[in-house]
2 protein chains.
Amino acid sequence: MQTVADPAAQRSPKAEQVLDAAAGVFLEQGFGAASMDAIAQAAGVSKATVYAHFAGKDALFAAIIERACARHAALLAGSDGGDADVESVLRSVGSDFLGLLLTPQTLAIFRVVVAESARFPALGRIFFESGPRRVLGRLEGFLRSAADRGQLRVDDPHRAAEHFLGLLKGELHLKMVLGIAEEVSAQAFDATVEAAVSTFLRAYAPQPSTTETQSASR
Amino acid sequence: MQTVADPAAQRSPKAEQVLDAAAGVFLEQGFGAASMDAIAQAAGVSKATVYAHFAGKDALFAAIIERACARHAALLAGSDGGDADVESVLRSVGSDFLGLLLTPQTLAIFRVVVAESARFPALGRIFFESGPRRVLGRLEGFLRSAADRGQLRVDDPHRAAEHFLGLLKGELHLKMVLGIAEEVSAQAFDATVEAAVSTFLRAYAPQPSTTETQSASR
DNA sequence: GTCTATAAAGGGATAGAC
DNA sequence: GTCTATCCCTTTATAGAC
């Protein structure tokens, strides 16, 4: 397996067509179960055309994962929330991020990367850098500045960002990854975000407040 | 794929021999890449013998996952810590659980189950019930009793247990799952456990203490 | 570049002897 | 129950015409 050199290489329309089809088949069936025949058929081209653009199954797989991760990363370049209060920013960021995590697309990418990271060691790193790493970095920056403004008490911003994401994912993400829960009710989603924000603020508040509620309902 | 009826069925020695070999091959190579030839060779028997004990590749795979989950579950039946102080129990439980999570065996099972849960819907549930579910249940019970004794302030014990495990897994577990970090230093391990316990106690302490430290070092 | 047709190999599953 | 040998299908990858 060799990684594609150009990050935003301009590919021929046919190549894009093949990539789109390959993404569908690979992410739906997994690497092992996906066949080049199925990909060619889904793309509406012959296998020879697929091989004219990609060296083989491995290269094609790497290409679709890299492209998916790049798109993933593009979605994570939103605004920081600016000058809003910490709780609002956390709620907004938490809702956005958990929503992205629970998307069928994101879950499919995660499953495939986890499954094949043993055989394609580069994949795990590509995924981590393009996804979790960016989220952690942005969150860490926000928490650090909030701490500088005295809005939070944070000794280790990286660890604090890690903690917020850990609180956020919780049982919901694991169940979705394992295919146990098909869909998430808006109620359960909001309750998870609210509970994560609430618990995080109780742990990292600048001055302990005894009146703060612990309830997850909004 | 059909699930094995007997939970603790007594199998012939040859069957156990095949199961052991199959576990090694499946967990190392994944379902798709593992071949029945490789399993038979690893077990030191012929393929016909494998098929004499298991209906096919699917049934064999299901059997090894179920056995692995059952063994997994057996490891989680430890003591509750009894009357020790909350912080000590959390540190002990957290250390044990994170240690189990980061075991090569546990990681391999998790990867394979995640990878194949789409094609074998029962696997995800079997894994969740035998692993995370038990941990959450035990932890939830402990937190509830600690709250009853006034040692913690917990409105929703299930959510609190979820939060502790989320804090515990953090970046470390994800990196290991993705194959980024080969081994974990004892220092990083302890720091993660300590940070999780510290943050959890700050969020769920019965009475906010302003003097408590946030540092993750011990 | 793109197609049809095919080669070459591997893997799941089984027949029949013992 | 266990083995050897084999069937049969799928899959990857390519050759050659256009």
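The structure we're discussing is the one just above.
The structure displayed is predicted, hence computed values, not measured ones.

Undergrad: Would you mind showing me how to read the protein's contact with DNA strand D here?
TA: In the region of DNA strand D, 15 residues are neighbours, and A:Lys47, A:Tyr51, B:Lys14, B:Thr49 and B:His53 sit closest. In DNA strand D, the atoms that sit within 4 Å of the protein are 54% sugar and phosphate, with bases accounting for the remainder. Taking A:Met36, its main chain carries an N or O atom lying 2.9 Å from a phosphate oxygen of DNA strand D. Separating a phosphate oxygen of DNA strand D from a side-chain N or O atom of B:His53 is a distance of 2.6 Å. Partitioning the surface near DNA strand D into residue classes produces six nonpolar, five polar and four charged.

Undergrad: Looking at this structure, how should I read the side chain of B:Glu171?
TA: Along the polypeptide, B:Glu171 turns up in helix α9 (residues 157-177). In this structure the side chain of B:Glu171 is engaged in a polar contact, spanning 2.6 Å, whose partner is the side chain of A:His158. Sequence-distant contacts of B:Glu171, that is, excluding residues within four places in its chain, are made with A:Phe128, A:Arg133, A:Leu136, A:His158 and A:Glu162.

Undergrad: Would you take a moment to explain the packing of aromatic side chains for this structure?
TA: Think of a pair of aromatic rings as described by two things: how far the centres are apart, and how the planes are tilted against each other in angle. Residues and elements named next belong to chain A. Applying the stated rule across the entire model yields 16 aromatic pairs over all chains. Relative to Phe 120, the ring of Phe 61 has its centre 5.5 Å away and its plane inclined at 45°; by these criteria the two rings are tilted. Of this pair, Phe 61 sits in helix α4 (residues 57-75) while Phe 120 sits in the loop between α6 (104-116) and α7 (121-130), placing them 59 residues apart in sequence. For the pair Phe 61 and Phe 120, a shared accessibility class is recorded, and that class is buried. Taken together, a centroid distance of 5.3 Å and an interplanar angle of 70° make the contact between Phe 164 and Phe 200 edge-to-face.

Undergrad: Hey, could you run me through the interface of chain B and chain A in this one?
TA: Accessible area lost when the parts come together is the quantity often used to give the size of an interface. At the interface, 47 residues of chain B touch 48 residues of chain A. Interface area for chain B against chain A, summed over the two sides, is near 4,200 Å², with a carbon-plus-sulfur share of 59%. Our count for the contact surface shared by chain B and chain A stands at zero salt bridges. Here chain B is connected to chain A by 12 residue pairs in polar contact (both at pLDDT 80 or more). Looking at the side of chain B that touches chain A, the elements with two or more residues in it are α6 (104-116), α7 (121-130), α8 (132-148), α9 and α10 (186-204) of chain B. At 12 residues, the largest contribution of residues to the side of chain B that touches chain A is made by α9(B). Looking at the side of chain B that touches chain A residue by residue, the class counts come to 22 nonpolar, 12 polar and 13 charged.

Undergrad: How do you make sense of the layout of surface pockets when you look at a structure like this?
TA: Space inside the largest pocket adds up to approximately 1,300 Å³. For the lining of the largest pocket, the secondary structure elements donating two or more residues are α1 (13-29) and α6 of chain A together with α1 (13-29) and α6 of chain B. Residue classes in the lining of the largest pocket are distributed as 28 nonpolar, 11 polar and 10 charged.

Reading guide: rules and limits
Counting restarts for each chain, with residues numbered from 1 along the sequence as it is written. Going through the entries in the order they are written, you letter the chains from A and number the ligands from 1. Confidence filtering applies because this is a predicted model: local features only for residues at pLDDT of at least 70, side-chain atom pairs given and counted only at 80 or more, and all residues used for totals across whole chains, interfaces and linings. Note that the side-chain values use all heavy atoms of the structure and ignore hydrogens as well as water. Proximity criterion: a residue is near a molecule or strand once any of its heavy atoms comes within 4 Å of it. N or O atoms within 3.5 Å of each other form a polar contact, as long as, within protein, one can give a hydrogen and the other can take it, and as long as residues adjacent in sequence are counted only when both atoms are side-chain atoms. Three residue categories are used. Nonpolar comprises Ala, Val, Leu, Ile, Met, Phe, Trp, Tyr, Cys and Pro, charged comprises Asp, Glu, Lys and Arg, and polar comprises the others, including Gly. Numbering goes from the N terminus for both helices and strands, where a helix is a DSSP run of H or I of at least four residues and a strand is a run of E of at least two. When checking whether two residues touch, look at their non-hydrogen atoms; a contact exists if any pair is within 4.5 Å. Stacked, tilted and edge-to-face are the three classes applied to pairs of Phe, Tyr and Trp rings, where Trp contributes its six-membered ring and a pair requires centres within 6.5 Å; stacked means planes under 30 degrees apart, edge-to-face means over 60, and tilted covers the rest. Exposure classes here rest on a 1.4 Å probe applied to the protein chains alone. A residue is buried below 20% of its type maximum, exposed above 50%, and partly exposed in between. Note on definitions: buried area is the accessible-area loss of two parts on being combined, 1.4 Å probe, summed for both. Salt bridges are defined by distance alone: a side-chain nitrogen of Lys or Arg within 4 Å of a carboxyl oxygen of Asp or Glu. Any residue with an atom within 4 Å of a point lines the site, the site being either a cavity, points on a 1 Å grid over the protein atoms alone where a 1.4 Å probe fits but cannot get out, or a pocket, an open set with protein on both sides within 12 Å along at least 5 of 7 lines. Grid points are joined across faces, edges and corners, and a volume is the space filled by probe spheres set on the points.

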